[in-house]
Amino acid sequence: MSELQEELRREIEKRRTFAIISHPDAGKTTLTEKLLLYGGAIHLAGSIKSRKTQRHAVSDWMEIEKQRGISVTSSVLQFDYDGCRINILDTPGHQDFSEDTYRTLMAVDSAVMVIDVAKGVEAQTKKLFKVCSERGIPIFTFVNKLDHYGKAPIDIMDEIENVLGIRSYPMNWPIGQDGQYLGVYDRRNKKVLLFAADTSHGQQARIADVYDPEDPAVVARIGEENFQALKDDIDLLDEAGEPFDMEKVNAGELTPMFFGSAMTNFGVQDFLEGYIRMAPTPQPRPSSDGLIAPDDEKFSGFVFKIQANMNPAHRDRLAFIRICSGKFERNMSVWHERSDKLIKLAQPQQFLAQDRQIIDTAYPGDIVGLFDPGIFGIGDTICDEHHKFKYADFPVFPPERFARVQAKDTMKRKQFVKGMEQLTQEGAIQLFQQAGAGMESYIVGTVGTLQFEVLEYRLKNEYNVDIIMQMQPYEVARWLAFEDGREVTPASLKGADRGMFVYDRHQNPVLLVNNEWALGWITDNNPDLLLNHVPFDKKEA
Ligand code: G4P
């Protein structure tokens, strides 16, 4: 084994890269903050705050992002714990940010699912879980808010199984009842962890007292009744519960489950330690040249997110790269697959809460931010020029909201076009041109309405262009082709005027209609028409 390979293996072994998925308000921000607290990356909880502003007016979205440091779009936090280097990719919780969230999930090796004990499995958790389970990545569950009344632990287990279709293995079990929990029983170590009353309101790391369950002091502390209930529950879990099986965990078929309370730090440390022990190190990735192993000496990575304006002082744009193999070094030259060019990676950035640091080296599992002069697009591969390949395409999201957009001032057309193209490349919007219409306006498609406001804000602030935007009544887009390969045009498609006939950026024909029902007439009258939710050469998310 070469020296480099030894170094790579050592570093890969240390790394854990994950995202937290949850429904808004389940406690993702609080848990993230507490993990940083235990990791020593922050000293007092409360530094990552401003939660109340999460459902803010849209126009100050960018402002808020700057102020918070941990952003509403995904950003990356890194810290060390117990010899491990942990990368948390923050995923935005707001529904309208879902595309960014989904893309972030392409860049992680595992996910942590936070569930509010009182609310159980909620809508957004379900959606995000689906993306993770389709990727087959391990999912760890943190059942949060144990400090107040909630569903019984056993009911949460049932709900996870029934709603998400995954079985869970409780790693620990709450002692006490309904929000009056005194601690947890650690099933693996067969220890009781009790928590002293928290006087710091969760601001300081809290270390549990560890006891042997046979210790009479335990019974005295938790009371005979709670002790008996705990024994019964554990017996039941041991006999009737799913046995622990690491292979199933790795395949995303069994989720190790931890109970705790992020706010009061109850169970947070056990969770962190359990997670580190079980979570996968950076994994091989599929590419056009087969699976690429992380300890392959040749560098490779892909862009999973592009973000403008993170730093108020510089109007810059960062491309976030997940490193997949080899060693990243500042100033290295890599091959950019899409443009087929060699590029130099000059000022790589890493992130720790508010601070950005210039970094010299990074390893598989790490995320680096690169200044993007406008060449990167979502899903782009960068790799060694002596081993060229492409990582698998990101799934594409069918657009559901449409607007006609043009520059208010026709003199600003050049900046307008530049801005629109850049935002399209970032994956923030999808761009269409109406058949037969002039070039002065575009039809923009998005997944959520919030993206239109972001579009307006960014064109004004980054490109100095005011726009006129007219929302369109369409909610469904279909890419079109005839079975025999003849061209689909407004003239050859019967009923093309029942919706809006447009072309995507690659001149593929697309029909926008009001709803699925409206498609009925089109399909009935064009018997050999093929329809797709996304371009025919892409995979739908
Ligand atoms: P999110 O990122 O998933 O949206 O959730 P976030 O952490 O912002 O938490 C949502 C609310 O739930 C916050 O209350 C937070 O304090 C509370 N919370 C988080 N963990 C726990 C917990 O373990 N127990 C209890 N009881 N509450 C918890 P808030 O009132 O909206 O905000 P704040 O005033 O506390 O900042």
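Residues numbered from 1 in each chain as written. Predicted model: local features only at pLDDT ≥ 70, side-chain atom pairs only at ≥ 80, totals over all residues. Heavy atoms only, no water.

**Looking at the overall build of the chain**
Scanning the chain for helices and strands turns up 13 helices and 31 strands. Here the chain holds 541 residues, and 57% of them are scored as buried. In the chain, once contacts between residues fewer than 6 apart in sequence are set aside, the share between residues at least 24 apart is 71%. Carbon and sulfur atoms make up 47% of the accessible area of the chain, which amounts to about 23,500 Å² in all. (Helix = DSSP H or I, 4+ residues; strand = E, 2+ residues; numbered from the N terminus. Buried < 20%, exposed > 50% of the residue type's maximum accessible area, 1.4 Å probe, protein only. Contact = heavy atoms within 4.5 Å. Areas by Shrake-Rupley, 256 points an atom, 1.4 Å probe, with all protein chains shown as cover.)

**Quick look at the sheet that holds strand β31 (residues 529–532)**
The strand order across the open sheet formed by eight strands is β27-β24-β26-β25-β29-β30-β28-β31, and the pairing between neighbours is antiparallel. In the strand order of this sheet, the two ends are held by β27 (467–472) and β31, each with one partner. Geometrically, the sheet is characterised by an average inter-axis angle of 40° between neighbouring strands, direction not taken into account. Bridging between strand β25 (residues 430–434) and strand β26 (residues 441–446) involves three bridges; their strand directions are antiparallel. Counted as the bridge partner of Gln 430 is Gly 445 from β26. Sitting on the sheet, helix α11 (residues 413–426) touches β24 (401–407), β25, β26 and β27, and the angle it makes with β26 is about 20°. (Pairing = 2+ DSSP bridges. Axes fitted to C-alpha atoms, helices over the stretch in contact; angles between N-to-C directions.)

**What to know about the pattern of salt bridges**
Here the structure, examined in full by the defined rule, presents 25 salt bridges. The salt bridge partner of Arg 167 is Glu 161, with a shortest N-O separation of 3.3 Å. Judged by relative accessible area, Arg 167 falls into the partly exposed class, the value being 35%. As a salt-bridge pair, Lys 390 and Asp 393 come within 2.9 Å of each other at their nearest N and O atoms. We classify Lys 390 as partly exposed; its relative accessible area is 26%. We classify Asp 393 as partly exposed; its relative accessible area is 44%. Counted as one network, the salt bridges with shared partners bring together Glu 11, Lys 14, Arg 15 and Asp 366. (Salt bridge = Lys/Arg side-chain N within 4 Å of Asp/Glu carboxyl O.)

**Re the pairing of strand β15 (residues 317–325)**
Of all nine residues that make up β15, nine are buried, and the element is covered over most of its length. Two elements, β15 and strand β22 (residues 367–371), share five bridges in a ladder whose sense is antiparallel. Across the sheet, Leu 318 pairs through a bridge with Phe 371, a residue of β22.

**Here we look at the sheet that holds strand β6 (residues 167–170)**
Taken in spatial order, the seven strands line up as β2-β3-β1-β4-β5-β11-β6 in an open sheet, and their pairing is mixed. Edge positions in the sheet fall to β2 (76–81) and β6, since each of these pairs with one other strand and no more. Taking each pair of neighbouring strands and ignoring which way they run, the sheet shows an average axis angle of 30°. Of the pairings in the sheet, the one linking β2 to strand β3 (residues 84–89) comprises six bridges and is antiparallel in character. Its bridge partner being in β3, Asp 80 is matched across the sheet by Arg 85. Against the sheet, helix α1 (residues 3–14) contacts β1 (15–22) and β3, and its axis sits at roughly 30° relative to β1.

**Structural notes on a negative patch on the surface**
A cluster of acidic residues, Asp 232, Asp 233, Asp 235 and Glu 239, forms a negative patch at the surface. Topologically, Asp 233 is positioned in helix α8 (residues 224–240). You can call Asp 233 partly exposed: its relative accessible area is 30%. (Patch = residues over 30% accessible without salt bridge, like charges linked within 9 Å, V, L, I, M, F, W, Y side chains within 5 Å. Lys, Arg positive; Asp, Glu negative; His and termini not counted. Charge placed at Lys NZ, Arg CZ, Asp CG, Glu CD.)

**Points about the nonpolar core**
Judged by nonpolar contacts, the single largest core of 79 residues is most densely connected at Phe 328 and Ile 382. Among the elements that line this core, the one with the most residues is β15, at six residues. Each of domain 1 (18–74 + 81–278) and domain 2 (285–383) accounts for three or more of the residues forming this core. Ranked by size, the runner-up nonpolar core spans 30 residues in total, among them Leu 31, Met 171, Leu 254 and Ala 279. (Core = buried A, V, L, I, M, F, W, Y, C linked by side-chain atoms within 4.5 Å. Domains from an automatic or database assignment.)

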